[in-house]
Amino acid sequence: MSLAVLASRALCGMHAPEVFVEVHLAQGLPSFTIVGLPDAGVRESRERVRSAILSSGYSFPAGRLTANLAPADIPKESGRFDLPIALGVLLASGQLVLSDNMAQQVLPGIVFAGELSLTGALVPVAAPLVIALAAARAGRQERAERADSRPILILPAENARLAAAVPGLTVIGARTLREVASHLDETTVLAPVTPAVQACLKSQQGQGGEEAPELCLSDVRGQQVACRALEVAASGSHGLLMSGPPGIGKSMLAQRLPGILPPLDENAAIEVAAIHSLQQRTPRFSRKVPMRAPHHSSSAAALIGGGANPRPGQISLAHHGVLFLDELPEFQRQVLEALREPMETGEIHIARANRSVSYPCRFQLVAAMNPCPCGYLGSVHRSCRCTPEQIERYRARLSGPFLDRMDMLLQLTPPAQGWQQLPASEPSSVVRQRVVRCRERQLQRQGRLNALLTPDLMDQVCCTDSEAALLLARAGRYWGWSARAVHRVLRVARTIADMAGVGQIRANDLTEAMSFRQQLTR
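Just so it is clear, the model here is predicted, and its values are computed rather than measured.

The rules behind these values
- Residues numbered from 1 in each chain as written.
- Predicted model: local features only at pLDDT ≥ 70, side-chain atom pairs only at ≥ 80, totals over all residues.
- Heavy atoms only, no water.
- Helix = DSSP H or I, 4+ residues; strand = E, 2+ residues; numbered from the N terminus.
- Buried < 20%, exposed > 50% of the residue type's maximum accessible area, 1.4 Å probe, protein only.
- Contact = heavy atoms within 4.5 Å.
- pLDDT = per-residue confidence, 0-100.
- Phe/Tyr/Trp six-rings, centres within 6.5 Å; stacked < 30°, edge-to-face > 60°.
- Lys NZ or Arg CZ within 6 Å of the ring centre and 35° of its normal.
- Pairing = 2+ DSSP bridges.
- Right-handed = clockwise from strand over helix to strand, strands pointing away.
- Core = buried A, V, L, I, M, F, W, Y, C linked by side-chain atoms within 4.5 Å.
- Expected span 1.5 Å × (residues − 1).
- Salt bridge = Lys/Arg side-chain N within 4 Å of Asp/Glu carboxyl O.
- Axes fitted to C-alpha atoms, helices over the stretch in contact; angles between N-to-C directions.
- Parallel < 35°, antiparallel > 145°, perpendicular 65-115°, else oblique.
- Left-handed = near helix turned anticlockwise from the far one by under 90°.
- Disulfide = S-S within 2.5 Å.

K.L.:
How should the overall build of the protein be read in this particular structure?
P.N.:
Summing up its helical and strand segments, the protein has 22 helices and 18 strands in all. Dimensions of the protein, computed from C-alpha atoms along their principal axes, come out at roughly 85 × 45 × 45 Å. Expressed as a percentage of the 522 residues in the protein, the buried residues total 52%. For the protein, contacts bridging at least 24 residues in sequence account for 75% of all contacts bridging at least 6.

Written as structure tokens, this is what we have:
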């Protein structure tokens with residue numbers, strides 16, 4: 001045949017749109033042209049493909065070769081199209097002849113992605129999990145319409161071990177272009193890669209089937225109110241802002257939050273690894289809840305993602321996990337304001353002149369700050385040296401709309417006696433069991449955690465008795481809460497009621513929820 005068409009995938013954020021690689025061989029002066037909005041890395045495929053074909057024992061055809069990457073309005077980058085282009089050249093020149101069975105599968109059911117070295121070896125490509133997730137998702141839609149078999153993805157061997165973790169997909173790994181060609185003409189059939197994510201996740205589990213936390217909550221002495229607030233935040237995935245003098249334990253508490261959260265399930269672990277595969281070639285599967293703690297000097301692009309070639313930021317790398325912002329007022333104002341939309345939607349959209357990408361960022365925000373620039377406002381041990389104007393400027397770095405999006409605002413005070421005489425808090429393993437039970441109750445009732453309740457769901461599940469409803473109305477008028485703030489107090493109260501195992505929000509639950517939304521000390 002003089003025309004060959006193979007399927008591949010481009011990469012656009014966490015999406016991998018389908019791309020058809022069309023290779024046409026015509027008579028004329030020898031030339032090799034790649035069209036379809038390729039970047040420099042794709043245009044360089046001509047030399048890599050030529051050398052790989054010759055090194056693999058084939059001949060490069062003498063004629064007018066045109067490779068079209070369709071659709072042409074999607075930007076194409078990197079060398080992942082080397083493999084389908086090389087196979088298209090072999091098919092179009094007649095050096096590779098498919099069997100009848102394979103010819104029926106190549107166009108509709110097989111996706112090719114891989115970079116070629118000059119020797120014909122396959123080099124790992126970036127984001128294999130993103131490509132696998134997109135192929136599996138498209139395969140589920142096709143099977144629902146036509147009841148076909150599972151889609152097939154052919155990748156370099158190193159990538160195949162990762163991509164095989166995605167369910168509903170048959171992944172085949174190859175080391176050379178020759179191996180892929182032999183598989184297509186059924187000279188040597190390659191066996192599918194066995195999924196390794198289950199074994200990898202099981203090997204990381206500790207006793208009782210859960211990964212042991214690195215830091216234990218029992219290290220915290222005193223601060224019973226703060227430990228209770230941390231458990232409430234973990235039970236409903238609520239955002240928490242802690243304010244207090246230096247050394248009181250704000251960072252210590254935040255670092256122990258992942259230890260009381262339930263481990264990730266298999267789908268969440270795959271999704272987290274897929275996001276990390278955009279930053280590193282060999283991500284690791286883990287049930288451990290991710291935690292990111294960027295420095296307060298981080299730019300907006302580092303925190304939310306961006307750049308000339310958009311990459312995921314810290315909020316996306318904290319997906320299904322915790323984002324800890326220490327010294328919150330020291331962050332740039334524009335950086336904090338950029339968090340407002342992702343905190344509400346759980347997704348970040350980055351628009352550039354030539355492309356627009358989206359990344360998931362459903363994170364739990366935990367932040368810490370001092371009450372004033374010197375840190376000792378309200379302290380009984382040291383006096384504050386700040387003027388009212390300095391304190392006001394320091395507080396003004398946090399806008400009202402940003403604070404309005406925080407579920408819980410908590411002020412920590414130092415204990416009256418020494419830390420050594422105070423009792424230790426409960427171990428993280430004990431607290432985690434209660435958190436897991438509370439989360440299971442929420443998922444069974446509404447299919448999501450309380451922090452993600454929509455207004456219509458709140459009308460169904462956030463039922464209050466008459467005393468609690470009157471209390472909430474009075475508190476909202478007294479503190480001047482917005483409708484968003486009232487909803488967030490209700491969500492926290494719903495979590496407290498779930499922790500107590502009651503169906504209706506009581507006045508006591510609402511009172512405790514309102515105590516976790518303290519105003520910053522003036």
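From this point on, the discussion continues.
K.L.:
Any chance you could explain the confidence of the model for the protein here in plain terms?
P.N.:
Reading fine detail from the predicted coordinates is not recommended where pLDDT is low. Looking at the protein as a whole, its pLDDT mean stands at 88, while 91% of the residues score no less than 70. Long-range and interchain partners of residues 206-213, a stretch whose pLDDT sits below 50, account for twelve contacts in this model, where long-range means more than four residues apart.

K.L.:
Got a minute to help me understand the packing of aromatic side chains in this structure?
P.N.:
The description of an aromatic ring pair uses the distance of the two centres, along with the angle that the planes make with each other. Here the structure, examined in full by the defined rule, presents two aromatic pairs. A centroid spacing of 5.8 Å and a plane angle of 45° characterise the contact between F32 and F60, whose relative ring orientation is tilted. Here F32, found in strand β3 (residues 31-35), pairs with F60, found in the loop between α2 (45-55) and β4 (64-70); they are 28 residues apart in sequence, far enough to count as distant. By the burial criterion, F32 is buried, and F60 matches it. Geometrically, the ring pair formed by Y478 and W479 is edge-to-face, given 5.1 Å between the ring centres and 85° between the ring planes. With relative accessibility at 67%, the residue Y478 sits in the exposed group. Taking the relative accessible area as the measure of exposure, W479 reaches 46% and is therefore partly exposed. The aromatic ring of F60 is capped on one face by R50, whose charged end is 4.5 Å from the ring centroid. It is R382 that lies over the ring of Y376; its NZ or CZ is 4.2 Å from the centre.

K.L.:
Sorry if this is basic, but what is going on with the pairing of strand β8 (residues 152-156) here?
P.N.:
Each regular strand carries side chains that alternate between the two faces of the sheet. For β8, a buried count of five out of five residues is recorded, marking the element as mostly surrounded by other parts of the structure. Bridge count for strand β5 (residues 110-112) against β8 is three bridges, and the pairing is parallel. By the bridge assignment for β8, I110 is matched with I152. With helix α6 (residues 157-163) bridging β8 and its parallel neighbour strand β9 (residues 170-174), the resulting β-α-β unit is right-handed.

K.L.:
Would you explain the nonpolar core in this entry?
P.N.:
Nonpolar side chains in soluble globular proteins generally cluster together in the buried interior. Judged by nonpolar contacts, the single largest core of 59 residues is most densely connected at I315, L325, L328 and L339. In this view, L328 contacts L241, L336, A367, A368, M369, L398 and F402; residues no more than four positions away in its chain are not counted.

K.L.:
So what exactly am I meant to see when it comes to the sheet that holds strand β11 (residues 291-292) here?
P.N.:
Sheet strands associate in pairs through backbone hydrogen bonding, adopting either a parallel or an antiparallel arrangement. Pairing within the open sheet is parallel, and its five strands lie in the order β11-β14-β17-β10-β18. Across the chains shown, the open sheet's two edge strands, defined by having one partner strand only, are β11 and β18 (408-411).

K.L.:
How do you make sense of helix α18 (residues 428-446) when you look at a structure like this?
P.N.:
Because an α-helix packs 3.6 residues into every turn, residues spaced three or four apart end up facing the same way. Here α18 contains 19 residues, and its C-alpha end-to-end distance of 27 Å stays within 8% of the 27 Å for a straight helix at 1.5 Å per residue. The complete set of buried residues in α18 reads S428, V431, R432, V435, V436, C438, R439, Q442 and Q446. Here the buried face of α18 lies against α9 (224-236), β17 (364-369), α19 (455-461) and α21 (483-500). One or two residues past the end of α18 sits G447, with phi positive at roughly 75°.

K.L.:
Would you mind going over the pattern of salt bridges with me for this structure?
P.N.:
One side chain can pair with another of opposite charge once the charged atoms of both are near each other. The final tally for this structure, using the stated rule, is 20 salt bridges. A salt bridge links R256 to D219, with the nearest nitrogen and oxygen atoms 3.0 Å apart. In this pair, R256 is assigned in the loop between α10 (250-255) and α11 (266-277) and D219 in the loop between α8 (197-203) and α9, connecting sequence segments 37 residues apart. The residue R494 makes a salt bridge to D498 at a minimum N-O spacing of 3.0 Å. Here R494 pairs with D498, and both are found in helix α21, just four residues apart, close to one helical turn. Classification of D498 by relative accessible area gives buried; the value is 0%. Here the residues in one salt-bridge network are E344, D404, R405, D407, R484, R488 and R517, joined through shared partners.

K.L.:
Would you mind showing me how to read the packing of α9 against α18 here?
P.N.:
Packed helix pairs are specified by the crossing angle of their axes together with the interaxial distance, meaning the distance between the axes. Running from amino to carboxyl end, α9 crosses α18 at an angle of 40°, the nearest separation of the two axes being 8 Å. Considered as vectors, α9 and α18 are oriented oblique to each other. The crossing of α9 and α18 is right-handed. Residues E231, A234, S235 and G236 of α9 pack against V431, R434, V435, C438, R439 and Q442 of α18.

K.L.:
Help me understand the state of the cysteines, please; the structure alone is not making it clear to me.
P.N.:
Under the defined criterion, the tally for this structure stands at zero disulfides. Free of any disulfide, C12 has its nearest neighbouring cysteine sulfur in C361, separated by 16 Å. Looking at C361, the relative accessible area reads 1%, which means it is buried.

K.L.:
Mind showing me how you'd approach α21 here?
P.N.:
A rise of 1.5 Å per residue sets the reference length of α21, with its 18 residues, at 26 Å; its end C-alpha atoms lie 26 Å apart and thus fit the reference within 8%. Burial within α21 is extensive, with 13 of its 18 residues counted as buried. Two residues or fewer past α21, G501 is found with a positive phi of approximately 75°.

K.L.:
Looking at this structure, I do not really get the pairing of strand β10 (residues 240-243). What am I missing?
P.N.:
Of the two faces of β10, the one holding L240 and M242 and the one holding L241 and S243 are both buried throughout. As defined by bridge partners, β10 adjoins β17 across four bridges and the pair is classed as parallel. Note that in β17 the partner of L241 across the bridge is A367.

K.L.:
Help me understand the environment of I315, please; the structure alone is not making it clear to me.
P.N.:
Structurally, I315 is set in helix α13 (residues 314-317). Judged by relative accessible area, I315 falls into the buried class, the value being 0%. Once residues within four sequence positions are removed from consideration, I315 is found in contact with L303, I304, L323, L339, P342, I348, C361 and F363.

K.L.:
Before we go on, may I ask you to explain unusual backbone geometry in this structure?
P.N.:
If a residue is not glycine, its phi is most likely negative; likewise, a peptide bond is most likely trans. Backbone torsion omega between A70 and P71 reads 5°, so that peptide bond is classified as cis. Positionally, P71 belongs in the loop between β4 and α3 (82-92). Its identity is not glycine, yet Q223 carries a phi of approximately 55°, on the positive side. Assignment of secondary structure puts Q223 in the loop between α8 and α9. Phi is positive for S237, close to 60°, though the residue is something other than glycine. Of note, S237 is situated in the loop between α9 and β10.

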